[in-house]
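A structural walkthrough
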Amino acid sequence: GVMANDFVGLGGAGNDRQWSDNFQVGLAVAAPVVPGPVMQSLVRASDGSSATLVFTSHPNRTYAVDYSTSLQAAGQPGGWQQLTGSLVSQGIQTEYTDRQASGLPHAFYRVRDVTQ
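So, a few notes on the structure that sits alongside this text. (Residues numbered from 1 in each chain as written. Predicted model: local features only at pLDDT ≥ 70, side-chain atom pairs only at ≥ 80, totals over all residues. Heavy atoms only, no water.)

Counting its secondary structure elements, the protein contains 0 helices and 8 strands. Counting across all 116 residues of the protein, residues that qualify as buried make up 29%. Relative to all contacts within the protein whose residues are 6 or more apart in sequence, the contacts with residues 24 or more apart total 55%. (Helix = DSSP H or I, 4+ residues; strand = E, 2+ residues; numbered from the N terminus. Buried < 20%, exposed > 50% of the residue type's maximum accessible area, 1.4 Å probe, protein only. Contact = heavy atoms within 4.5 Å.)

See below:
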């Protein structure tokens, strides 16, 4: 899959000091860079039964869609859970509908490129 520098934080430490995470991921050998998916829209059905998300994608890539209700780590209450791990790209834009959204008062979604 494609590695991404996700969840890089920046915060104030008080007074005039600030901290930031400084890390990189990558390969020793130059690999073609494929930009990661970017969420374009997230629309909940008027009756709350489903949520449809649209994201930028690339042909011949495979994506995973996860949701969380609390942004906790996977395995924690409300943590990230995978809805699908085999969503094939529909081209430069891909759409996915979560049909289990009715039981969720709110949810966060993320998309990951899991191409082998």
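This next bit is on the environment of asparagine 60. Along the chain, asparagine 60 falls in the loop between strand S4 (51-56) and strand S5 (62-68). Residue asparagine 60 is classed as exposed on the basis of its relative accessible area, which comes to 74%. Among residues more than four places away in sequence, those in contact with asparagine 60 are Ser89 and Thr115.

Overall, the coordinates contain 1 aromatic pair when judged by the stated rule. With a centroid separation of 5.1 Å and an interplanar angle of 70 degrees, the aromatic rings of phenylalanine 55 and tyrosine 63 are classed as edge-to-face. Comparing phenylalanine 55 with tyrosine 63, the two get one shared label, buried. Here the guanidinium or amino end of arginine 110 rests over the ring plane of tryptophan 80, the centre of that ring lying 4.2 Å away. (Phe/Tyr/Trp six-rings, centres within 6.5 Å; stacked < 30°, edge-to-face > 60°. Lys NZ or Arg CZ within 6 Å of the ring centre and 35° of its normal.)

As a further point, take unusual backbone geometry. Residue asparagine 60 is not a glycine yet carries a positive backbone phi of 65 degrees. For leucine 71, which is not glycine, the phi dihedral falls at a positive 65 degrees. Mapped onto the elements of the fold, leucine 71 is located in the loop between S5 and strand S6 (81-88).

By the definition in use, this model includes 3 salt bridges. Of the charged contacts, one joins aspartate 113 and arginine 61 as a salt bridge, the two residues approaching to 3.1 Å between their closest N and O atoms. Taken together, the positions of aspartate 113 in strand S8 (residues 108-113) and arginine 61 in the loop between S4 and S5 put the pair 52 residues apart, joining distant regions of the chain. Here aspartate 66 and arginine 112 are joined by a salt bridge, their closest N and O atoms 2.6 Å apart. (Salt bridge = Lys/Arg side-chain N within 4 Å of Asp/Glu carboxyl O.)

Our next topic: the nonpolar core. In terms of nonpolar packing, the biggest core is built from 13 residues, with Leu53, Val65 and Tyr109 touching the most fellow members. If you list the elements that add at least two residues to this core, you get S4, S5, S6 and S8. Not counting residues up to four positions away in its chain, the partners in contact with leucine 53 are Met39, Ser41, Leu42, Val65, Thr94, Glu95, Tyr96, Tyr109 and Val111. (Core = buried A, V, L, I, M, F, W, Y, C linked by side-chain atoms within 4.5 Å.)

So far we have only geometry, and geometry alone does not tell us how the molecule works.
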